[in-house]
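What the coordinates show
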Amino acid sequence: MATGQIFSRNTQALFYNYKQLPIQRMLDFDFLCGRETPSVAGIINPGSEGFQKLFFGQEEIAIPVHSSIEAACSAHPTADVFINFASFRSAAASSMAALKQPTIRVVAIIAEGVPESDTKLLIAYARTNNKVVIGPATVGGIQAGAFKIGDTAGTIDNIIHCKLYRPGSVGFVSKSGGMSNELYNTIARVTDGIYEGIAIGGDVFPGSTLSDHVIRFNNIPQVKMMVVLGELGGRDEYSLVEALKEGKIHKPVVAWVSGTCARLFKSEVQFGHAGAKSGGELESAQAKNQALLEAGAVVPTSYEAFETAIKETFEKLVEEGKITPVSEVKPPEIPEDLSFAIKSGKVRAPTHIISTISDDRGDEPCYAGVPMSTIIERGFSVGDVISLLWFKRSLPRYCTQFIEICIMLCADHGPCVSGAHNTIVTARAGKDLVSSLVSGLLTIGPRFGGAIDDAARYFKDAHDRGLTPYEFVEGMKKQGIRVPGIGHRIKSRDNRDKRVQLLQQYAHNHFPSVKYMDYAVQVENYTLSKANNLVLNVDGAIGSLFLDLLSGSGMFTKQEIDEIIEIGYLNGLFVLARSIGLIGHTFDQKRLKQPLYRHPWEDVLYTK
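Residues numbered from 1 in each chain as written. Predicted model: local features only at pLDDT ≥ 70, side-chain atom pairs only at ≥ 80, totals over all residues. Heavy atoms only, no water.

Our working definition: UniProt positions are given in the numbering used here, feature names are shortened, and annotations may be inferred rather than shown by experiment.
By the naming in an unreviewed UniProt entry, the chain is ATP citrate synthase, taken from Dendrobium chrysotoxum. As stated in UniProt under Sequence similarities (unreviewed entry), the record for the chain gives "Belongs to the succinate/malate CoA ligase alpha subunit family." Under Subunit (unreviewed entry), UniProt gives the following word-for-word description of the chain: "Heterooctamer of 4 alpha and 4 beta chains."

So, in structure tokens, the structure goes:
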């Protein structure tokens, strides 16, 4: 066990098992104390590496993350404190691994429920190798104005209230972490504050004892008096009694052992800590308080009188000139996290993204305000979901069914079209699904799929301006623009595209109006007079019918319809549909284990 100070303003720690809040609290304490370097040198998160972003005052810093204790100790040789936030299942093994590192001097074990047999092995190893174990079942410890472990002393507000941002003259040790906070407050009220405080943990076998720390405080010049809070159960306090009797402690000790109420119970009492169990008479709070009193400690008559005893002891030392009360200083203000400041209404910050189609902040995600459970309970289809996410409203069933028909009819068009070809070549090159899909999607444009958007734009403009098919087609010709949605490499007047016929039949049966489709058919009649293959193709059919859907449903204004066409919703429909087929081609090639594709020489014209 160390014989003097174990922390300083330069102490750095390794934090095992990443916990954002206690690490941030340590860094906030560092900033409050005016430390130049963060007290957390590195984080150990088994299986992970990289960095974690946290704040050091207003500055955002990156703390290295290491996958093993050995790697962290090697990377940070000056970090000599190991703060272990592992669960009780792995706390002992990781603590022993840390103790065996030559750079580690102090190990704090936060977990409760560590097996006693494991704790005994840790204690034996630490004492043999002159190292310090704080815990298990501890909140840790703090050296005021210098260093703190994890969540010790709670929030920044509590730390400021207890004046822990600068050192005082009192050394404090307790079994209870929760009562430590109470005593920090008490000591700050009636003295100049603590110099160091330790919660040893409430287990039956603590890694370091009350007397270990009191003796250590006795050897620290800045500590002028000690305050001890014990509890019933165990015999740890008697080692302090012996140290007092043997003259090992020459500074005043104000002590109280809690649990005097245990005698009021007829049966054995188990309090909150594993070690706080009323046993024989010697382990009672009354017996321990009496022994401490007889050994020379200042022991009040009750816990209520504890504060007065601390106050009187401090004032006596001041009168004797043994303590010069620490001058008060104003600590810097810790910047408040933006999220908390926003919640408290202290600041307003602009957002960076606007979303009007979905919201996942509540109990369940919503699409355009419709909860996910409602979508399932009402049996919404894929078309209904598209209508919510794309158009932000629930379209009539005939509209959503038309959308689904378009998706089904456009899902694939064989392996020879450019998108499918690119996907197949990429898949055969051994690339993953996303890469194969994207390679196919990247070919979608004015010549592949994009004609749906253009067909809708041109058909709408011509119809709304009252152009005859002749004026429309010939006007486009003069501009050197092919009429989008008209023409096919294979289909003709005598070999119609079945997909176009299915879409037209559905629209005639369900749409209230098909004025744009009728106009497209009139254009087709004119173009067929020029060439047999200038038929209305599936792009033209979808483009014109989507105009009928938008205008005939009565749910969209003229401005909204123009915006939908301009943004490219119809191209989005083709992208969505064709993705199904492209994914299928990827899986097909993978399943068939096709080799790398090489284009045949005989299909290339080599020329100068």
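A few points about the overall build of the chain
Filter applied, for reference: Helix numbers and strand numbers start at the N terminus; a helix is a DSSP run of H or I with at least 4 residues, a strand a run of E with at least 2. Throughout, the radius of gyration refers to the C-alpha atoms, and the reference size of a globule is 2.2 Å times the residue count to the power 0.38. We call a residue buried when its accessible area falls under 20% of the maximum for its residue type, exposed when it is over 50%, and partly exposed in between, using a 1.4 Å probe and counting protein chains only. Here, residues are in contact when the closest pair of their heavy atoms is within 4.5 Å. Computed by Shrake-Rupley with a 1.4 Å probe, the accessible areas treat only the displayed protein chains as cover when residues are assessed.
On a plain count of helices and strands, the chain comes out with 23 helices and 16 strands. Relative to a compact globule of 608 residues, whose C-alpha radius of gyration would be 25 Å, the chain shows 39 Å and is clearly more extended. Projected onto the principal axes, the alpha-carbon positions of the chain cover approximately 120 × 55 × 50 Å. Here the chain, with 608 residues, has 50% of them falling under the buried criterion. Sequence-distant contacts in the chain: of pairs separated by 6 or more residues, those separated by 24 or more amount to 72%. Accessible surface, the chain as shown: approximately 29,900 Å² in total, 54% of it carbon and sulfur.

Overview of the packing of helix α20 (residues 515–528) against helix α21 (residues 538–552)
For any two helices packed against each other, the geometry comes down to the angle between their axes and how far apart the axes lie. Put simply, the test is: Here, axes are lines fitted to C-alpha atoms. For helices the fit covers the stretch in contact, and angles between N-to-C directions go from 0 to 180 degrees. Angles below 35 degrees are treated as roughly parallel, those above 145 as roughly antiparallel, those between 65 and 115 as roughly perpendicular, and all remaining angles as oblique. Rotating anticlockwise by less than a right angle from the far helix to the near helix defines a left-handed crossing, while the corresponding clockwise rotation defines a right-handed one. In this classification, the charged set is Asp, Glu, Lys and Arg, the nonpolar set is Ala, Val, Leu, Ile, Met, Phe, Trp, Tyr, Cys and Pro, and all remaining amino acids, among them Gly, are polar.
Packing of α20 against α21 brings their axes to within 7 Å, and their N-to-C directions diverge by 155 degrees. In terms of orientation, α20 lies roughly antiparallel with respect to α21. Read as a crossing pair, α20 and α21 show a hand that is right-handed. In this structure, α20 contributes Lys515, Tyr516, Met517 and Ala520 to the contact, and α21 contributes Ser544, Leu545, Leu547, Asp548 and Ser551. Here the contact of α20 with α21 is built from residues that sort into five nonpolar, two polar and two charged.

Observations regarding the sheet that holds strand β10 (residues 170–174)
Hydrogen bonds between backbone atoms are what pair the strands of a sheet, whose relative direction is either parallel or antiparallel. Where we set the bar: At least two DSSP bridges between two strands are required for those strands to pair.
Pairing is mixed in the open sheet, where six strands are placed in the order β9-β8-β11-β10-β12-β13. One side of each edge strand has no neighbouring strand; the edge strands of this open sheet are β9 (147–148) and β13 (253–258). Contacting β12 (225–231) and β13, helix α9 (residues 285–295) crosses the sheet at an angle of about 170 degrees to β13.

Topic: a nonpolar patch on the surface
Put simply, the test is: Without a salt bridge and with relative accessible area above 30%, a residue can belong to a patch; like charges are then joined within 9 Å and nonpolar side chains (Val, Leu, Ile, Met, Phe, Trp, Tyr) within 5 Å. In what follows, salt bridge is the name for a side-chain nitrogen of Lys or Arg lying within 4 Å of a carboxyl oxygen of Asp or Glu.
Taken together, the side chains of Leu433, Val434, Val438, Leu442 and Phe587 present a nonpolar region at the surface, about 460 Å² in accessible area. Here the nonpolar patch takes three residues from helix α16 (residues 433–441), the largest share from any one element. Here Leu433 is to be found in helix α16.

Overview of helix α14 (residues 397–410)
Because an α-helix completes one turn every 3.6 residues, residues spaced three or four positions apart along the sequence face the same direction. Applicable threshold: Multiply 1.5 Å by the residue count of a helix minus one, and that product is the helix's expected span.
For α14, with 14 residues, the first-to-last C-alpha span of 20 Å sits near the 20 Å given by 1.5 Å per residue. Its buried side turned inward, α14 meets α13 (382–391), α19 (498–510), α21 and α23 (569–592).

Some thoughts on the packing of α14 against α23
Closest axis-to-axis distance for the α14/α23 pair is 7 Å, and the angle between their directions is 50 degrees. It follows from the interaxial angle that α14 and α23 lie oblique. Here α14 and α23 pass one another in a crossing that is right-handed. Two secondary-structure elements touch here, α14 through Ile403, Cys406, Ile407 and Cys410 and α23 through Leu573, Phe574, Leu576, Ala577, Arg578 and Ile580.

Quick look at the pairing of β10
Cut-off, in case you're wondering: Seen with its strands pointing away from the viewer, a crossover is right-handed when the path leading from the first strand over the helix to the second is clockwise.
Along β10, five of the five residues are buried, which leaves the element largely enclosed by surrounding structure. Alternating residues of β10 divide into Val170, Phe172 and Ser174 and Gly171 and Val173, and every residue in both groups is buried. A crossover links β10 with its parallel partner strand β11 (residues 194–199), the connecting element being helix α6 (residues 177–190), and its sense is right-handed.

A short note on the pattern of salt bridges
Using the criterion set out here, one finds 27 salt bridges in the structure. Here Lys322 and Glu320 are joined by a salt bridge, their closest N and O atoms 3.4 Å apart. Judged by its relative accessible area of 53%, Lys322 falls in the exposed class. Overall, Glu320 belongs to the partly exposed group, its relative accessible area being 41%. In this structure, Glu524 engages Arg496 in a salt bridge whose closest nitrogen and oxygen atoms are separated by 3.0 Å.

Focus on the packing of aromatic side chains
Quick note on the threshold: Note on ring pairs: Phe, Tyr and Trp rings are taken, using the six-membered ring of Trp, and paired if centres are within 6.5 Å. Classes follow the plane angle, with under 30 degrees stacked, over 60 edge-to-face and the rest tilted.
Counted under the stated rule, the structure contains 18 aromatic pairs. Within the aromatic cluster, the residues linked to one another by ring pairs are Trp390, Phe391, Tyr398, Phe402, Tyr506, Phe511, Phe546, Phe556 and Tyr569.

Details of the pairing of strand β8 (residues 140–143)
Looking along a regular strand, one sees side chains alternate from face to face of the sheet. Side chains Gly140 and Ile142 of β8 all project onto a buried face; the interleaved residues Gly141 and Gln143 project onto the opposite face, where all are buried too. Here β8 pairs with β11 via four bridges, running antiparallel. The residue of β11 that forms the bridge with Ile142 is Gly197. As judged from the two bridges shared by β8 and β9, these two strands associate in the antiparallel manner.

Notes on helix α4 (residues 116–128)
Which entries qualify depends on this criterion: Arc definition: directions from the helix axis to the C-beta atoms.
Across its 13 residues, α4 extends 18 Å between first and last C-alpha, which sits within 8% of the 18 Å expected from 1.5 Å per residue. Listed as buried for α4 are Thr119, Leu122, Ile123 and Ala126. Taken down its axis, α4 places every buried residue within 100 degrees of arc, on the same side. The exposed residues of α4 that point more than 90 degrees off its buried face are Leu121 and Thr128. The inward-facing, buried residues of α4 contact α3 (91–99), β6 (106–109) and β7 (132–134).

Regarding unusual backbone geometry
In the segment running from Gly135 into Pro136, the intervening peptide bond is cis, with an omega of 0 degrees. Position of Pro136 relative to the elements: it lies in the loop between β7 and β8. The phi angle at Ala368 is positive, at roughly 50 degrees, despite the residue not being glycine. Note on placement: Ala368 falls in the loop between β15 (366–367) and β16 (370–371). Judged by relative accessible area, Ala368 falls into the partly exposed class, the value being 27%. With a phi angle near 55 degrees, Lys593 is a residue other than glycine that sits in the positive phi range.

Structural notes on the sheet that holds β15
The three strands lie next to each other as β14-β15-β16, forming an open sheet whose pairing is antiparallel. Only two strands of the sheet have a single partner each, and these edge strands are β14 (358–359) and β16. Sheet topology note: the β14/β15 ladder contains two bridges and is antiparallel. Considered in β15, the bridge of Ser358 is made with Tyr367.

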